[in-house]
Amino acid sequence: MEVLNRLSPIEEVLKLIHTFINELVWKKTPDYEPYRSVFSAKEWSSVKTEFHKLKEACQADGFSKPCVTQYLADLPDANRPNKEVQTAVADCFETRKEELRKYLLSQAHSITGVGQVLKDIDWSVSVVMSGDTMASMRQPLMNLTLHLEGDAGRTTERLELSQDELKSLITSMDAAYKSSLQML
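For every chain, the first residue of the written sequence is number 1, and numbering continues from 1 onward in sequence order. Confidence filtering applies because this is a predicted model: local features only for residues at pLDDT of at least 70, side-chain atom pairs given and counted only at 80 or more, and all residues used for totals across whole chains, interfaces and linings. With hydrogens and water excluded, all non-hydrogen atoms of the structure serve as input to the side-chain values.

Caption draft 1: Geometry of the sheet that holds strand E3 (residues 153–161). With antiparallel pairing, three strands are arranged side by side in an open sheet as E1-E2-E3. Edge strands, defined here as strands with exactly one partner in the open sheet, are strand E1 (116–128) and E3. In this sheet, neighbouring strand axes are inclined to one another by 15 degrees on average, regardless of whether the strands run parallel or antiparallel. Two strands pair under a simple rule: DSSP has to find at least two bridges between them. Here a strand is any run of E in DSSP of at least two residues, a helix any run of H or I of at least four, and the numbering for each starts at the N terminus. Across 12 bridges, the pairing between E1 and strand E2 (residues 139–150) is antiparallel. Bridging across to E2, Ser-124 finds its partner in Asn-143. Here the axes come from fitting lines to C-alpha atoms, over the contacting stretch only for helices, and the angles between their N-to-C directions go from 0 to 180 degrees.

Here it is, written out as structure tokens:
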């Protein structure tokens, strides 16, 4: 990334980093043409590769300014940009923090493979008084109806849960909720 030192004034570094962030956030491929006079094709490829390494290293930390700064400072001397460029790159990430957070959430959402969002729930409780194998069970069951909305439209899922299954569901949902809070 030391080739970024060639960009002058520093606003050109900011413009390039914003271009790479746009690639992440909006899936907009960076255009090499404006930088042809500054970078060879090999250097352009190298800068893009290094940016993606930075992304991989810092996305778990929410692209925080300290993480970006540390990543750039830890690059080998031959590849390390100067302090002014390091600060500019870290500032770009800080400026776009909210967009990057939304990007990370969308990535997490796409990883789950679930293209649906819970919109509403209905529930009721019933007691099973007997069954095929036992004359008197008296087992409470929860009937849970989930109304989901996604790319395919609105769908409804119905679940019948025993006490143990309900406890397991609540524990899982609580863990998912706490995990989503950490991403914010």
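Caption draft 2: Broad picture of the environment of Gln-139. Position of Gln-139 relative to the elements: it lies in strand E2. To sort residues, take the accessible area from a 1.4 Å probe on protein chains only and compare it with the maximum for the residue type: under 20% means buried, over 50% means exposed, and anything in between is partly exposed. For Gln-139, a relative accessible area of 28% corresponds to the partly exposed category. Separated by 24 residues in the primary sequence, Gln-139 and Gln-163 have C-alpha atoms spaced 8.5 Å apart. Contacts of Gln-139, omitting those with residues within four sequence positions, involve Ser-126, Val-127, Val-128 and Ser-162. Working rule for contacts: check all heavy atoms of both residues, and any pair within 4.5 Å makes them a contact.

Caption draft 3: Representation of the side chain of Gln-86. Here Gln-86 shows up in helix H4 (residues 83–95). Judged by its relative accessible area of 5%, Gln-86 falls in the buried class. Here Gln-86 is in contact with Thr-69, Leu-72, Ala-73, Arg-80 and Pro-81, once residues within four sequence places are set aside.

Caption draft 4: Summary view of the pattern of salt bridges. For salt bridges, the criterion is a side-chain nitrogen of Lys or Arg within 4 Å of an Asp or Glu carboxyl oxygen. By the definition in use, this model includes nine salt bridges. For Asp-174, the salt bridge identified is with Lys-178, shortest N-O distance 3.3 Å. A residue pair is termed a helical-turn pair when its members lie 3 or 4 positions apart in one helix, as Asp-174 and Lys-178 do in helix H6 (residues 163–183) at four residues. Since its relative accessible area comes to 36%, Asp-174 is described here as partly exposed. By relative accessible area, Lys-178 is classed as partly exposed at 49%.

Caption draft 5: Fine view of unusual backbone geometry. The omega torsion across Ser-8 and Pro-9 is -5 degrees, close enough to zero to call that bond cis. Take Pro-9: it is sitting in the segment before helix H1 (10–26). We note that Lys-27 has phi near 60 degrees; this positive angle belongs to a residue other than glycine. Its identity as a non-glycine residue notwithstanding, Phe-63 has a phi of 55 degrees, on the positive side. By the secondary structure assignment, Phe-63 is in the loop between helix H2 (41–58) and helix H3 (65–73).

Caption draft 6: Spatial organisation of the confidence of the model for the protein. Every residue is assigned a pLDDT by the predictor, reflecting its confidence on a scale from 0 to 100. Of all residues in the protein, 90% attain a pLDDT of 70 or more, and the chain-wide mean is 83. Least confident of the elements in the protein is helix H5 (residues 97–112), whose mean pLDDT is 75; most confident is H3, at 91.

Caption draft 7: The arrangement of the nonpolar core in detail. For this analysis, a nonpolar core means a set of buried residues of the types Ala, Val, Leu, Ile, Met, Phe, Trp, Tyr and Cys, connected via side-chain atoms within 4.5 Å. Among the nonpolar cores identified, the biggest contains 33 residues, and Leu-4, Leu-16, Ile-17, Val-89 and Phe-93 are the most heavily contacted of them. Listed by contribution, the elements that provide at least two residues to this core are H1, H2, H3, H4 and H5. What Leu-4 contacts, discounting residues up to four positions off in sequence, is Val-13, Leu-16, Ile-17, Phe-39, Val-47, Val-85 and Val-89. Ranked by size, the runner-up nonpolar core spans five residues in total, among them Leu-144, Leu-146, Leu-148 and Leu-161.

Caption draft 8: Inspection of the packing of aromatic side chains at higher detail. Classification of ring pairs uses Phe, Tyr and Trp, with its six-membered ring standing for Trp, and accepts pairs whose centres are within 6.5 Å; under 30 degrees between planes counts as stacked, over 60 as edge-to-face, and the remaining range as tilted. Evaluation of the coordinates by the stated rule reveals eight aromatic pairs. A centroid spacing of 6.3 Å and a plane angle of 40 degrees characterise the contact between Phe-39 and Trp-44, whose relative ring orientation is tilted. Considering the side-chain rings of Phe-51 and Phe-93, the 5.9 Å spacing of their centres and the 25 degrees angle between planes classify their relative orientation as stacked. You can see Phe-51 sitting in helix H2 and its partner Phe-93 sitting in helix H4, a full 42 residues away along the chain. In this structure an aromatic cluster arises from ring pairing among Phe-20, Tyr-32, Tyr-35, Phe-39, Trp-44, Phe-51, Phe-63 and Phe-93. The rule is short: NZ of Lys or CZ of Arg within 6 Å of the ring centre and within 35 degrees of the ring normal puts a charge over the ring. Positioned above the aromatic ring of Trp-26 is the side chain of Arg-96, whose terminal nitrogen or guanidinium carbon lies 5.6 Å from the ring centre.

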